[in-house]
Amino acid sequence: MDAILEQIFKHKITSSVLCIILIVGIIYEGFFMGTTDTTIGVIGTLITTFGFILTIVQLKSVKEVALETKKEVSLAVKQAQDRVKEVLSISELTNAIKIIDEIEIYNHSNKYEIAALRLKEIYKITLSIEARKNLDKIYDKKISFVLRNMSLDINNLTDNIDTPSNIEKSKISPNLRDASTILYQVENYLKSKSYDTSLL
């Protein structure tokens, strides 16, 4: 039935011309060429024909409504998925900001091995932010510069765990603050109502 409807509405002009020819032919045959009984039969045929046309139009309307409903459902599902994605991203960023605070504590407590491990986590998260190129409009610090400094800090910590006096602690905190700023800005953006989920 769908194939028939598709063909009818695909060739609207041809279908309309055929219907008109059919109707004119029936009227001519009934009213000008036939008897009273034939005329009554023709009227019945016309009513049936108009009923058939009306049914086709209604079927088309029902199909369009069904397609529109399907689109709305798909959109609702996508929005729900985007919302879940957004919440997970915010959760990750909030956790990353807490980890930066922990790194500061480990750094001041001379727990360099743990600080290095946690700093690697922040590096990976920041790297994933950099990979989403459209997000660079959100933060004001140059992320490649921040990543380079974090990489140097990781090397600084891991290479000097056995010789902690060589660790340049003073350089780590400013770099952590820069990373934290980026994470805060992205987190606040995702919390806002105007976010574009395609950026996620």
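Right, let's walk through the structure included here.

What counts, and where the lines are drawn
- Residues numbered from 1 in each chain as written.
- Predicted model: local features only at pLDDT ≥ 70, side-chain atom pairs only at ≥ 80, totals over all residues.
- Heavy atoms only, no water.
- Axes fitted to C-alpha atoms, helices over the stretch in contact; angles between N-to-C directions.
- Helix = DSSP H or I, 4+ residues; strand = E, 2+ residues; numbered from the N terminus.
- Parallel < 35°, antiparallel > 145°, perpendicular 65-115°, else oblique.
- Left-handed = near helix turned anticlockwise from the far one by under 90°.
- Contact = heavy atoms within 4.5 Å.
- Nonpolar A, V, L, I, M, F, W, Y, C, P; charged D, E, K, R; others polar.
- Salt bridge = Lys/Arg side-chain N within 4 Å of Asp/Glu carboxyl O.
- Expected span 1.5 Å × (residues − 1).
- Buried < 20%, exposed > 50% of the residue type's maximum accessible area, 1.4 Å probe, protein only.

Two elements in contact, helix 4 (residues 112-131) and helix 5 (residues 143-159), have axes whose closest approach is 9 Å; the angle formed by their N-to-C orientations is 160 degrees. Judged by the inter-axis angle, helix 4 sits roughly antiparallel to helix 5. Here the hand of the crossing between helix 4 and helix 5 comes out left-handed. Packed against helix 4, whose contacting residues are Y112, A115, A116, L119, K120, I122, Y123, T126, L127, I129 and E130, the element helix 5 presents I143, S144, L147, M150, S151, D153, I154, L157 and T158 at the interface. Of the residues in the contact of helix 4 with helix 5, the class split is 13 nonpolar, 4 polar and 3 charged.

Another aspect to go through is the pattern of salt bridges. For the coordinates displayed, the defined rule picks out 4 salt bridges. Taking the shortest distance from any N to any O, the salt bridge between E102 and R118 comes out at 3.0 Å. Taken together, the residues E102 in helix 3 (residues 36-108) and R118 in helix 4 connect sequence positions 16 residues apart. A salt bridge links K171 to E168; its shortest N-O distance comes to 3.2 Å. A cluster of three or more residues bridged by salt bridges with shared partners is formed by E102, R118 and E121.

When the terminal C-alpha atoms of helix 5 are compared, their 24 Å separation across 17 residues agrees well with the 24 Å that a helix rising 1.5 Å per residue should span. Among the residues of helix 5, those classed as buried are I143, V146, L147, N149, M150, D153, I154, N156 and L157. On its buried side, helix 5 packs onto helix 4 and helix 6 (169-191).

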